[in-house]
Amino acid sequence: MAEAISVSGAVSGTEKTLSFETGKFALQSQGAVVAKIGKTTVLATANAAKGVRDGIDFFPLTVDVEERAYAAGKIPGSFFRREGRPSQQAILTCRLTDRPLRPAFPDGYRNETQVVITVIGADQVNPHDVLAINAASASFMISGIPFDGPIGAVRLAFSQEGSWIAHPTFEEGEQSTFELVVAGRELDSGDVAVMMVEAGGTEKSFTYYADGAPKVTEEVIASGLEASKQFIKESIKLQRQLVASVIATRGSIEPLKYTPVLDYSEELFAAVEAAATTKLQPAIRIALKSDRNEAIDAATTATLAELAEKFPAQEKQIKEAVRSLTKKLVRKRVVDEGIRIDGRGSTDLRPVFAEVGLIPTAHGTGLFQRGETQVLNVLTMAMPKMNQMIDSITPETSKRYMHDYNMAPWANGETGRVGTPKRREIGHGALAERALFPVVPSQEEFAYTLRLVSEVLSSNGSTSMASVCASSLALMDAGVPIVAPVAGIAMGLIFDQGKYTALTDILGAEDAFGDMDFKVAGTADAVTALQLDTKIEGIPSDVLAKALQQAKEARLKILGVMNSAISAPRATVNESAPKIVTFTIPLDKVGEVIGPKGKVINTIQQETGAEINVSDDGATGIITIGSPDNAKVEDAKSRILAIVDPPTAELGAVYTGRVVNTAAFGAFVNILPGRDGLVHISKLGNGQRVARVEDVLNIGDEVQVRVDDIDDRGKVSLSLIGPDGEVIKGSGGGSAGAQSDRGDRGPRNDRGGRGDRNDRGPRNDRGGRGDRNDRGPRNDRGGRGDRNDRPRSNDRPRSNDRDGRNAPSDAVSVSFEEEFDRDLRNDLGDLG
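What this report covers is the structure whose coordinates are included nearby. (Residues numbered from 1 in each chain as written. Predicted model: local features only at pLDDT ≥ 70, side-chain atom pairs only at ≥ 80, totals over all residues. Heavy atoms only, no water.)

### A closer look at the pattern of salt bridges
Under the counting rule described, the total for this entry stands at 43 salt bridges. The partner of D708 in a salt bridge is R706, and the shortest N-O contact between them spans 3.1 Å. Linked through salt bridges whose partners overlap, the residues forming this network are D342, R344, R350, R370 and D505. (Salt bridge = Lys/Arg side-chain N within 4 Å of Asp/Glu carboxyl O.)

Listed below in structure tokens is the structure:
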């Protein structure tokens, strides 16, 4: 095996080390690099086809991320116990990696190209997504594939103290107020041109703000872009060292030979420009998208007819030339005249409309429209058990706030495939989710699981930012106590004739013909999410800082329109939404609330109709109750609190209860929430002996009982009340008439002068019996002998002076108390 080539370098201001290695893994790959930070490890392999597929009119770059469960020491949780379709996190990492790499390939390069990132080590401390960008760039650098790199990337976390932390751990990210991912390339001047930005607030951003942490404003983000340059340069320097080491060890890297594919010749474009300019000029001034597209199509058809004889069999090339000419004319008008396609200036916002409460059965709805872009957002709220479970290689195991984005072809007046979301839909949904996440209350404060769905009804520019606005409206309509409303706006940029022109609220065509797609979301005084992509070789940070300020002005105008529709969250949740209460109980009471095999909690759910969820945080039990009917919630809550702190039964009182269990010695009856009592089998026969409890009572029977006794441990002894309202007498018989039923003997301390239990003195002083341990073996106690040798109870006379009364010498003594104790010992053992 060839010796591996590796380089490493410290990340400034941290104890972390970034390293690249090649020559050990994937030896047949054109480019293969293993990158590490901490113990998190990824393998990036870059490969390209030797030629171009017929009919390819675009650059076919594919980025795939393969998350291996073994990287985190896990076995996949699916039925087949192996990895399947990419996770949402993997898809987002694909997009994050693709965006800065794509502009770095030369024009005309159409060879199919693929980079695969395989996560082979995940230490649950250091994220792998930014590492994947650096590894992919390094693999292209040593592959020979034409690539204008290196591209460096870094994640920065803005701490509560107001400083930027490079390559933060998961924990450092959670404790920060904002995270910023920046990728860029180094210019000849030594400066860094930003090529991609992905940023967003954290779950506790506004909690930290309330505690005094500095808010993340446009100025703070501009400082973060500047701070990122140092760490981007460190990655670029390390990649160049790797390339130098490879060349020194193996010789020069052979470049991939390719033939640039041109969509049209210069001669053809000149002819199209001469023929189509006058036809396109009026078309690109039409504001309405459908009418404009129709006019451009008509100009294209006329140009094809005019040039068909001069350029036979080149219809496709002529169409591409017309498109390029349209782009050139649109950009020139913006730069020279400051006028855009629809007649707006560079900072003008299209008409904005907002509405809430559109669907009566939904828990919350919001409709947002900006120009021809229209999005409906619908919010559904549910119990915490509906949190999404996540089987991933990161520390994240669940989500309670989810946002899904759907855009069907009919939103553009077209036909096409519908169904499974594509990478674009997943990316747009994640961006809108990230924009609202910082203002959503925690589940401890607001127990609901929240799922928002954005339905794009019409599209002409930044549906993702329209989804942010519609989501904010839906949350407030549903009564979710968000910290503040959030709005989003999409910015564009045209770089022509050495001049940068930022455009507010770009159209779809301006997105296609421009050089940058820049989206910003936030509240009135803080940024919550940001995304930037470029089509050129980078944008100066001062240009970005100016665009941020321009975006804020538009965002504030949009928030004003949204506030006119609904200015704050509703005071209560929608009547169609479940009403949820959450409270804590002692941890040792959780078992009692659940009951054996869930019997208790299931009974409460069935009888009240409320849905109950029980969990714990290791220190206390957490009860969550939900139902559309608030009365059912309160009923279930009172029942659970009664179990936790049960009411006390009253001696002599009569209760209507339900049999909840039976045993050989009697039936347990629930008389109060959380309070059961025992009807002994001897009290069921009304003077007759009962062989089985089930002959008289069964589980579920509703009965009336009287409280006869409550011992010092809170155990309740009951007697059954018959249909006539009288206490059913216990079994017994014989001439033990003076014994009577236990329930008829009155309170224990009035029984024949025995007095209170506490006044009877120590057990070993009662009648000379002495301590149990001093009485010697049972068969030596007073000549009683072996049990089998003793006369049976009906053969031996015994005095019955329990209550100070002497029974006749031939009377039979019967003790229900001794029989009860004997049955308990037989069933449960000696209880002492």
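On we go.
### A word on the nonpolar core
Within the largest apolar cluster, 147 residues are counted, with the highest numbers of intra-cluster contacts made by M381, L450 and L475. Apart from residues lying up to four places away in sequence, L475 is in contact with L379, Y401, L436, V440, L450, L452, V480 and I482. If you look at the next biggest cluster of nonpolar residues, it comprises 24 residues, including A271, I284, I318 and F513. (Core = buried A, V, L, I, M, F, W, Y, C linked by side-chain atoms within 4.5 Å. Buried < 20%, exposed > 50% of the residue type's maximum accessible area, 1.4 Å probe, protein only. Contact = heavy atoms within 4.5 Å.)

### Things to note about the packing of aromatic side chains
Enumeration according to the criterion identifies 14 aromatic pairs in this entry. Ring geometry for F59 versus Y109: centroids 5.4 Å apart, planes at 55 degrees, classification tilted. Of this pair, F59 sits in the loop between β4 (40-48) and β5 (61-67) while Y109 sits in the loop between α1 (88-101) and β6 (113-121), placing them 50 residues apart in sequence. Their ring planes at 85 degrees and their centres at 5.1 Å tell us that Y109 and Y258 sit as a pair that is edge-to-face. Here Y109, found in the loop between α1 and β6, pairs with Y258, found in the loop between α5 (218-250) and α6 (266-283); they are 149 residues apart in sequence, far enough to count as distant. When its relative accessible area of 1% is taken as the criterion, Y109 is described as buried. Members of the aromatic cluster, connected to one another through ring pairs, are F59, F105, Y109, F140, F147 and Y258. (Phe/Tyr/Trp six-rings, centres within 6.5 Å; stacked < 30°, edge-to-face > 60°. Helix = DSSP H or I, 4+ residues; strand = E, 2+ residues; numbered from the N terminus.)

### Details of the sheet that holds β6
The 6 strands are arranged β1-β2-β3-β4-β6-β5 in an open sheet whose pairing can be described as mixed. The strands lining the two open edges of the sheet, one partner per strand, are β1 (5-10) and β5. Each neighbouring strand pair of the sheet contributes to a mean axis angle of 15 degrees, computed without reference to strand direction. Note: strand β2 (residues 17-22) against strand β3 (residues 31-37), 4 bridges, orientation antiparallel. By the bridge assignment for β3, S19 is matched with K36. (Pairing = 2+ DSSP bridges. Axes fitted to C-alpha atoms, helices over the stretch in contact; angles between N-to-C directions.)

### Observations concerning helix α9 (residues 423-436)
Along an α-helix, residues three or four apart share an orientation, since each turn contains 3.6 residues. For α9, which comprises 14 residues, the first-to-last C-alpha distance of 20 Å matches the rise-based estimate of 20 Å (1.5 Å per residue) to within 8%. Along α9, 11 of the 14 residues are buried, which leaves the element largely enclosed by surrounding structure. Turning to α9, its buried residues number three or more, namely E425, I426, G427, H428, G429, A430, L431, A432, E433, A435 and L436. (Expected span 1.5 Å × (residues − 1).)

### Points about the sheet that holds strand β26 (residues 666-672)
Read around the closed barrel, the 5 strands follow the order β25-β26-β27-β29-β28; overall the barrel is mixed. Direction aside, the axes of adjacent strands within the sheet are offset by 55 degrees on average. Taken together, the 6 bridges between strand β28 (residues 702-710) and strand β29 (residues 716-721) define a ladder with antiparallel strand orientation. Each bridged residue has a counterpart across the sheet, and for Q704 the counterpart in β29 is I721.

### A short note on the packing of α9 against helix α10 (residues 463-478)
Across the interface, α9 lies against α10 with an axial gap of 9 Å and an inter-helix angle of 45 degrees. Relative to α10, the element α9 lies oblique. Crossing geometry of α9 relative to α10 is assigned as right-handed. Where α9 approaches α10, its residues R424, H428, L431, A432, A435 and L436 are matched on the opposing element by T463, S464, M465, S467, V468, S471, S472 and L475. Its residues assigned to classes, the contact of α9 with α10 comprises 7 nonpolar, 6 polar and 1 charged. (Parallel < 35°, antiparallel > 145°, perpendicular 65-115°, else oblique. Left-handed = near helix turned anticlockwise from the far one by under 90°. Nonpolar A, V, L, I, M, F, W, Y, C, P; charged D, E, K, R; others polar.)

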